[in-house]
Amino acid sequence: MPESSDAVSSRRHSFLEDLQLLIVILLGVVSVATAYVSFEAALYGGQQAAAYSRGGAAQTEAESIYLEANQQYVQDAETLTRLSEYQIEMEGTDPDVAAAASEKYDQLYFTSVSEDLDAAIAWAQAENEADPTTYTDPQASEDYQYALFGAWSDADTAAKALLAQGDEANQYSDRLTLNTVLMAIALFLLGIAAVIRNRRAQWILIGVSSAIFLLALGLTVIVPFTWF
């Protein structure tokens, strides 16, 4: 027995209500997901700014340390040059000049040679005695180099690490912002589907918006979760 027109109309009405409910549920899910992705993007944006700020300050400090160390390096080079000149005078034939040079050498060594430079001089002397054919510069000592520039190297490495964190946070923020845009498009399509009455068009819009949303959701899942 064929269905009555009232039964068909009732079933069609029930189907339309179910379809509208599905659209409403999808709108809610996509809205919540969009808010979450937008929130995560904002957090990563804040982390980027903070990392860049700390990295910039650390880099400035590292440059200051380097300039101070380099100034000491240049000063030590000048000291070594003067010590070499006094040594040449000390080995001369004029005893008065040699005595004066020896006094100046001792005074300069006492006032201008640090423990690190003194160790470097001793190391270079040993190297030169072991191989007289090759001159070894005291400032080529690795221990001396680290004593002067080690703090700068550590500070520079820390600054680069902070800037790298900022770059990473920036990449995550950009990716999440893109996902937010995709979810907003899905919301727009679902909004259109909610107001039109053509079921075929509604299903097409639901399918397209769901595909866009799932794509954005998948891209969001691979971004690490972050918090304050």
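The rules behind each value
- Residue positions are counted from 1 within each chain, in the order its sequence is given.
- It should be noted that, the model being predicted, local features are given only for residues of pLDDT at least 70 and side-chain atom pairs only at 80 or more, the latter also being counted only at that level, while totals for whole chains, interfaces and linings use all residues.
- To get the side-chain values, all heavy atoms of the structure are used, and hydrogens and water are removed first.
- Counting from the N terminus, the helices are DSSP H or I runs at least four residues long and the strands are E runs at least two residues long.
- For every residue, the accessible area obtained with a 1.4 Å probe (protein chains only) is divided by the maximum for its type, and the residue is called buried under 20%, exposed over 50%, and partly exposed between those limits.
- Note on contacts: a residue pair qualifies if any of its non-hydrogen atoms lie within 4.5 Å across the two residues.
- How far a helix is expected to stretch is found by multiplying one less than its residue total by 1.5 Å.
- Fitting axes to the seven residues that end at a residue and to the seven that start at it, the angle between those axes gives the bend at that residue.
- Polar contact is defined as a pair of N or O atoms within 3.5 Å, subject to the rule that within protein one atom must be able to donate a hydrogen and the other to accept it, and that residues adjacent in sequence are counted only when both atoms are side-chain atoms.
- A patch is a set of surface residues, each over 30% in relative accessible area and not in a salt bridge, joined within 9 Å for like charges and within 5 Å for the nonpolar side chains Val, Leu, Ile, Met, Phe, Trp and Tyr.
- Accessible areas in this description were obtained via Shrake-Rupley with a 1.4 Å probe; residue shielding takes into account the shown protein chains only.
- Think of a salt bridge as a Lys or Arg side-chain nitrogen and an Asp or Glu carboxyl oxygen that are within 4 Å of each other.
- In this tally Asp and Glu are treated as negative and Lys and Arg as positive; neither His nor the chain ends contributes.
- Where a charge lies is defined by one atom per residue type: Lys uses NZ, Arg uses CZ, Asp uses CG and Glu uses CD.
- Within this analysis, the arc is defined by the directions that extend from the helix axis to the C-beta atoms.
- pLDDT expresses how confident the predictor is about each individual residue, on a scale running from 0 to 100.

Asker: So what's going on with the environment of Gln145? Which residues, and what values?
Answerer: In this fold, Gln145 is placed in helix H4 (residues 142–195). Residue classification places Gln145 among the partly exposed positions, given a relative accessible area of 28%. Between the C-alpha atoms of Gln145 and Phe213, which are 68 residues apart in sequence, the distance is 57 Å. Beyond its immediate chain neighbours, meaning those up to four positions away, Gln145 contacts Tyr73, Gln139 and Gly150.

Asker: Describe H4, listing the residues and the values that go with them.
Answerer: Its 54 residues place the ends of H4 76 Å apart at the C-alpha level, agreeing with the 80 Å of an ideal helix rising 1.5 Å per residue. The principal kink in H4, of about 60 degrees, is found at Phe149. At the N-terminal end of H4, a side-chain oxygen is found 3.4 Å from the backbone nitrogen of Asp143, two or three residues along, and the residue is Ser141.

Asker: I'd love a proper account of a nonpolar patch on the surface, names of residues and values included.
Answerer: Together, Tyr36, Phe39, Phe225, Trp227 and Phe228 give the surface a local cluster of nonpolar side chains, amounting to about 620 Å² of exposed area. Structurally, Tyr36 can be placed in helix H1 (residues 5–90). Its relative accessible area of 37% is what places Tyr36 among the partly exposed residues.

Asker: A description of the side chain of Asp76 should follow, citing residues and the corresponding values.
Answerer: One can find Asp76 in helix H1. Once residues within four sequence positions are removed from consideration, Asp76 is found in contact with Ser112, Leu117, Gln139, Tyr144 and Leu148.

Asker: Tell me about a negative patch on the surface, and please be specific about residues and values.
Answerer: There is a patch of like negative charges on the surface, built from Glu115, Asp116, Asp118, Glu142 and Asp143. Mapped onto the negative patch, the elements with two or more residues apiece are helix H3 (115–130) and H4. The element that contributes the greatest number of residues to the negative patch is H3, accounting for three residues. Tracing the chain through its elements places Glu142 in helix H4.

Asker: Give me the lowdown on the environment of Glu129, citing residues and values where you can.
Answerer: Within the fold, Glu129 resides in helix H3. Taking the C-alpha atoms as reference, Glu129 lies 46 Å from Gly55; in sequence the two are 74 residues apart.

Asker: Which residues make up H3, and what are the values?
Answerer: Here H3 contains 16 residues, and its C-alpha end-to-end distance of 23 Å stays within 8% of the 22 Å for a straight helix at 1.5 Å per residue. Looking at H3, one finds that the buried residues are Leu117, Ala120, Ile121 and Ala124. The buried residues of H3 all sit within an arc of 105 degrees when viewed along its axis, so they share a single face. Turned more than 90 degrees off the buried face of H3, the exposed positions are Glu115, Glu129 and Ala130.

Asker: Give a description of the pattern of salt bridges that names residues and reports values.
Answerer: Any two side chains of opposite charge can pair if their charged atoms end up close together. By the definition in use, this model includes one salt bridge. Between Asp156 and Lys160 there is a salt bridge, with the nearest N and O atoms lying 3.3 Å from each other. A residue pair is termed a helical-turn pair when its members lie 3 or 4 positions apart in one helix, as Asp156 and Lys160 do in helix H4 at four residues. Exposure remark for Asp156: the relative accessible area of 14% places this residue in the buried category.

Asker: Lay out the confidence of the model for the chain with the relevant residues and their values.
Answerer: For the chain, the average pLDDT comes to 91, and 93% of its residues sit at 70 or higher. When mean pLDDT is compared element by element in the chain, H4 scores highest at 96, while H1 scores lowest at 89.

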